[in-house]
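# Summary of the model geometry
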Amino acid sequence: MDLQLKGKVVSIESGSVNAIVHLDIGGGNVISSTISLEAVKELGLAVGKDAYAIIKATSVMVGVE
């Protein structure tokens, strides 16, 4: 099962091949994801646009302080 979190693109840091996209999902929480520049173009991502963080994990690590 995937977790989907709606947010707003607050920044896109473009590199030579990939970009780091930061989504503000509310409550002072920002999620970042590294995706290809081609994906940024295909999705039409831009600062201020709504987007979803879709999280699919095959494992989850748990830790304590």
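Our subject in this report is the structure included herewith. Just so it is clear, the model here is predicted, and its values are computed rather than measured. Per chain, residues are indexed from 1 in the order of the written sequence. Only residues with pLDDT of at least 70 are given local features in this predicted model, and only at 80 or more are side-chain atom pairs given and counted; all residues enter the totals for whole chains, interfaces and linings. The side-chain figures draw on all heavy atoms in the structure; neither hydrogens nor water molecules are used.

### A short note on the pairing of strand β1 (residues 3-14)
Worth spelling out the cut-off: Between any two strands, at least two bridges found by DSSP are needed for them to pair. Only DSSP runs of H or I reaching four residues or more are called helices, and only runs of E reaching two or more are called strands; each is numbered from the N terminus.
The pairing of β1 with strand β4 (residues 50-55) spans six bridges and is antiparallel. Its bridge partner lying in β4, L5 is registered against A53. Sheet topology places β1 next to strand β2 (residues 18-26); six bridges connect them, and they run antiparallel. Within β2, the residue paired with K8 across the bridge is D24. Hairpin connection from β1 to β2: three residues lie between these consecutive antiparallel strands.

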